[in-house]
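Structural characterization, general
Now for the letters of each chain:
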Amino acid sequence: MNLALKDIRHSLFRFVLTCFGLGLLMTVVLAMIGIYNGLVADALAIVKAPEAELWVVEAGTQGPFAEASSIPADTRDAVARLPGIAASGAITYQTLETESAGKALRLYVIGYETGRLGGPSHLIAGREIGTSHFEAVADRKTGLVPGDTIRLGRDRFTVVGLTEEAMNSGGDPAIFVTLADAIALQTEIAPAAERVRAARGATPPSANNVAAVIARLEPDADVELVAATIRQWKHLSALSQSDQENLLLASVVDRARRQIGLFLGILLSVSAVVIALIIYTMTMEKLKQIATLKLIGAPDRTILGLIVQQALILGGSGWGIGLTLILLVKDNFPRRVLLEPMNAAVLAGIIVVVCLVASGLGIRAALKVDPATALGG
Amino acid sequence: MAIGDLLIDVQQVAKHYGEGETRVDALREVNLQVHAGEVIALLGPSGSGKTTLLNIIGCIVAPSTGRVELDGEPVFDGHWLRGDLRKLRLDKIGFIFQAHNLLPFLTAEENVSVVLDLAGQSQAVGKARARELLDYLEVGHRAPVKPSHLSGGEAQRVAIARALANRPRIILADEPTAALDSKRAQLVMDLLRKLAAEQEACIVTVTHDEKIFDRFDRLIHLRDGRLEDAGA
Ligand SMILES: Nc1ncnc2c1ncn2[C@@H]1O[C@H](COP(=O)(O)OP(=O)(O)O)[C@@H](O)[C@H]1O
Ligand SMILES: [Mg+2]
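As the structure is a prediction and not an experimental result, all values here were calculated from the model.

**Some points on the side chain of A:K294**
Secondary-structure assignment places A:K294 in helix 9 (residues 287–295). From its side chain, A:K294 meets the backbone oxygen of A:V369 in a polar contact 2.8 Å long. A:K294 has contacts with A:I303, A:A366, A:L367, A:K368, A:V369, A:P371, B:R86 and B:R89, leaving out every residue within four places of it along the chain.

**Some points on the interface of chain B and chain A**
Counting from both sides, the interface comprises 21 residues of chain B and, opposite them, 24 residues of chain A. Between chain B and chain A, the buried area comes to about 2300 Å², and carbon and sulfur atoms account for 65% of it. Summed over the shared surface of chain B and chain A, the result is 2 salt bridges. A salt bridge links B:E110 to A:K6; the shortest N-O distance between them is 2.4 Å. The tally of links from chain B across to chain A stands at 8 residue pairs in polar contact (both at pLDDT 80 or more). In terms of residue count, the dominant contributor to the side of chain B that touches chain A is helix 3 (residues 108–118) of chain B (6 residues). Among the residues making up the side of chain B that touches chain A, the classes are represented as 11 nonpolar, 4 polar and 6 charged.

**Here we look at the packing of helix 9 of chain A against helix 11 (residues 341–368) of chain A**
Residue and element names in this part refer to chain A. It is the contact of helix 9 with helix 11, at a shortest axis distance of 9 Å, that shows an interaxial angle of 50°. Taken together, the axis directions place helix 9 and helix 11 in an arrangement best described as oblique. As for how helix 9 packs across helix 11, the hand of that crossing is right-handed. Here helix 9 contributes L287, I290 and K294 to the contact with helix 11, which in turn contributes A365, A366, L367 and K368.

**Brief notes about the packing of aromatic side chains**
Each aromatic ring pair is summarised here by two numbers: the centre-to-centre distance and the angle between the ring planes. Residue and element names in this part refer to chain A. Counting across every chain of the model gives 6 aromatic pairs over all chains. Seen in terms of ring centroids, Y93 and Y108 are 5.5 Å apart; in terms of plane orientation they differ by 15°. Their pairing is stacked. Placement of Y93 in strand 3 (residues 85–100) and of Y108 in strand 4 (residues 103–112) is noted, with a sequence separation of 15 residues between them. Centroid distance F134 to F157: 5.4 Å. Interplanar angle 85°. Geometry classified as edge-to-face. Placement of F134 in the loop between strand 5 (125–126) and strand 6 (135–139) and of F157 in strand 8 (residues 155–163) is noted, with a sequence separation of 23 residues between them. Classification of F157 as buried rests on a relative accessible area of 1%.

**Remarks on the UniProt feature "transmembrane region" (unreviewed entry) in chain A**
Taking the UniProt record as the reference, the feature "transmembrane region" (unreviewed entry) is found at residues 12–36, 260–282, 303–329 and 341–363 of chain A. Between the end C-alpha atoms of residues 303–329 of chain A there is a gap of 39 Å, over a span that is 100% helix and 0% strand.

**Focus: the domain arrangement of chain A**
All names here are of chain A. As assigned here, chain A comprises domain 1 (3–43 + 255–375) and domain 2 (49–252). In this structure, domain 1 and domain 2 have C-alpha centres spaced 48 Å apart. For the pair domain 1 and domain 2, the summed buried area comes to about 750 Å², and 49% of that belongs to carbon and sulfur atoms. Sorting the residues of domain 1 by area buried against domain 2 places A43, R335 and R336 first, and these three jointly supply 53% of that buried surface. The salt bridge partner of E165 is R336, with a shortest N-O separation of 3.7 Å. At the boundary of domain 1 with domain 2, the tally comes to 3 residue pairs in polar contact (both at pLDDT 80 or more). Considering only residue class, the side of domain 1 that touches domain 2 consists of 4 nonpolar, no polar and 3 charged.

**Some points on the site of ligand 1**
All names here are of chain B. Taken together, the neighbourhood of ligand 1 is formed by Y17, V24, A26, P45, S46, G47, S48, G49, K50, T51 and T52. Contact between ligand 1 and G47: an oxygen atom at 2.7 Å from a main-chain N or O atom of the residue. For ligand 1, an oxygen atom lies 3.1 Å from a polar atom in the backbone of G49. Expressed as a share of its isolated accessible area of 560 Å², the protein-covered part of ligand 1 is 59%. Put simply, the parts of the chain that give the shell around ligand 1 at least two residues each are strand 2 (24–35) and helix 1 (50–57). For the shell around ligand 1, the per-class residue count stands at 4 nonpolar, 6 polar and 1 charged.

**A word on the sheet that holds strand 4 (residues 65–70) of chain B**
All names here are of chain B. Sheet architecture is open: 4 strands sit in the order 2-1-4-5, paired in antiparallel fashion. What marks the edges here is a single partner per strand, and that holds for strand 2 and strand 5 (73–77). Each strand of the sheet is rotated relative to its neighbour by a mean of 15°, with strand direction disregarded. Where strand 1 (residues 6–17) meets strand 4, 5 bridges bridge the pair, whose relative direction is antiparallel. Residue D9 lies in a different strand from strand 4, and its bridge partner there is E69. In the packing of helix 1 onto the sheet, contacts are made with strand 1, strand 2 and strand 4, and the angle to strand 2 comes to roughly 55°.

**Some remarks on the state of the cysteines**
By definition, a disulfide is the covalent link that joins the sulfur atoms of two cysteine residues. Residues and elements named next belong to chain A. Evaluation of the coordinates by the stated rule reveals 0 disulfides over all chains. Unpaired in terms of disulfides, C19 finds its nearest cysteine sulfur in C355, a separation of 10 Å. Since its relative accessible area comes to 4%, C19 is described here as buried.

**Some points on the environment of A:I71**
All names here are of chain A. Checked against the element boundaries, I71 lands in strand 2 (residues 71–72). For I71, a relative accessible area of 0% corresponds to the buried category. C-alpha of I71 to C-alpha of N332: the two residues are 261 residues apart in sequence and 39 Å apart in space.

**Notes on the environment of A:I124**
All names here are of chain A. With respect to the helices, strands and loops of the structure, I124 is situated in the loop between strand 4 and strand 5. For I124, a relative accessible area of 38% gives the class partly exposed. Each C-alpha atom, one on I124 and one on T163, is 5.3 Å from the other, the two residues being 39 residues apart in sequence. Ignoring anything within four residues of it in the chain, the contact list for I124 reads R140, L162, T163 and E164.

**Topic: the nonpolar core**
In this structure, B:V112, B:V158 and B:L192 are the most contacted members of the largest nonpolar core, which totals 52 residues. Mapped onto this core, the elements with two or more residues apiece are helix 1 (3–10) of chain A together with strand 3 (39–43), helix 3, helix 4 (123–136), helix 5 (152–164), strand 7 (170–174) and helix 6 (182–199) of chain B. Apart from residues no more than four positions distant in its own chain, B:V158 is found in contact with B:L102, B:A108, B:N111, B:V112, B:L134, B:V139 and B:L150. By size, the runner-up hydrophobic cluster in this structure holds 45 residues, among which are B:L7, B:L32, B:C202 and B:L222.

Thresholds, definitions, all that
Residues numbered from 1 in each chain as written. Chains lettered and ligands numbered in written order. Predicted model: local features only at pLDDT ≥ 70, side-chain atom pairs only at ≥ 80, totals over all residues. Heavy atoms only, no water. Helix = DSSP H or I, 4+ residues; strand = E, 2+ residues; numbered from the N terminus. Polar contact = N/O pair within 3.5 Å; in protein donor to acceptor, adjacent residues only side chain to side chain. Contact = heavy atoms within 4.5 Å. Buried area = accessible area lost by both parts, 1.4 Å probe. Salt bridge = Lys/Arg side-chain N within 4 Å of Asp/Glu carboxyl O. Nonpolar A, V, L, I, M, F, W, Y, C, P; charged D, E, K, R; others polar. Axes fitted to C-alpha atoms, helices over the stretch in contact; angles between N-to-C directions. Parallel < 35°, antiparallel > 145°, perpendicular 65-115°, else oblique. Left-handed = near helix turned anticlockwise from the far one by under 90°. Phe/Tyr/Trp six-rings, centres within 6.5 Å; stacked < 30°, edge-to-face > 60°. Buried < 20%, exposed > 50% of the residue type's maximum accessible area, 1.4 Å probe, protein only. UniProt positions renumbered as here; feature names shortened; annotations may be inferred. Domains from an automatic or database assignment. Near = heavy atom within 4 Å. Areas by Shrake-Rupley, 256 points an atom, 1.4 Å probe, with all protein chains shown as cover. Pairing = 2+ DSSP bridges. Disulfide = S-S within 2.5 Å. Core = buried A, V, L, I, M, F, W, Y, C linked by side-chain atoms within 4.5 Å.

Below you can see the structure in the form of structure tokens.
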């Protein structure tokens, strides 16, 4: 006779409600884990998208994400000629605000040379940019679809294709345009003072400049060697892909990551306390019944089983409900919620430990209870 | 009536709670022998030690001094002589609780069969025995019902069935008829008498209920923790 299940069935509504409440709490915990992972993945997405191995940026900067970087566009020719370079591309990044369907839309404009490195990694709809002007490939999260037009600076661009998971570390979705369009856009929206200088006849320093040149190497080339060669040009600096990723995590998203990480820690502690409290209260409410069981001769094993099984069923259901809910809603979050099977497994482990510790507290009280209390005399 | 086996042998048992200023002597040098087939009543004013004595016989409370033998086996002599008192209770003692002390999450039938389940009997045996007892106590038709839906009298009879499930030879009851009207109270007592005779068990009952005094073989009066034996 399984007393744990019989007791659960006896007060099923309440038990289900408790499981559901716990499930909601687990949903929040899993959402937070997913947001944390998503933040890191999103931040790295922009660095990983071009599948480069080498980033050539302005000397003395850690560009183009951690710091501003501006180098002449023809740097790409010079880099391409170096031994060991298999492919390369000049690239620009800028954030601007425009309007779509009457709503403000912040976009991360990426300019790249069509046919070279730096374009959208893959398309989920439409086609790549075909002509050199006023065509764009947008991230799915912009809400744009192929055929839409959008104003960037003074010109209207036609969206010809869609990609996904391209955004900056702030979560602004990316829109890809040709390098020429991007440079024009850069000059247009340059600070007023610079425009004044340009009007006076001085060449604006940003004209024809790009943020970085990215490169992919021949299979047998040594990244460090090529980087060292590039650094000999006094106005350039070179970072490997892993340098760039570490830099981004360490400087750009570090604070956001720690913020969410700390919150996640608090959330997990709160959940642990809540679970412990529920299980402890559940046991305390049963003390009189436990005394009755002792009186009629039930061994400790029976009492232990009753408490531990209920605790595990509660924790397990809470986890299951939480996981189901988060999987149902995660795609409705404005930013990526990324859950690995490992995360769910670790959370399950934590819940099991918390349930066992909490049952331990209840069991201590249960084993101490005097069978005479059942007599009510 | 032929005298049966000596089932309860309480020798020179005393029990006090607390020490010094707060010391309460609940029992003082009590001697009590109960034989198989006997049905006895413990009487006395409130606070005279009735529950304490019942709990000592039921191995729920340890005496301060003295000896206790149950069914020929010494169980207490200055200290408990057995480590598994719950097993002892399961095998030898049936408690009749005051009404409504059934497990609320089990049906009437399960409340009875759980005892046999704990004793390691198969589910079928437990079910059959529970049915048999409930039928015998005329609550068989209430077998699938949870205690919260039973009347006071029905709950009490289920509690009696549970106490008898494992065929204990020592049945202890603390005011078993308090929740019953006088007609039902007498029926319950008649039933207990019958059981004691049939199963060679003894029954010790705490009661205040004068209407059922004639159903006992012996009335034992407690006053300030001392026995004043008075035959029926
Ligand atoms: N657990 C306890 N702690 C302290 N005193 C107790 C305890 N149980 C009973 N007593 C005291 O022992 C005396 C006898 O109590 P009890 O056996 O319950 O009497 P009765 O059942 O006859 O009313 C009372 O004075 C009571 O206050
Ligand atoms: Mg009492």
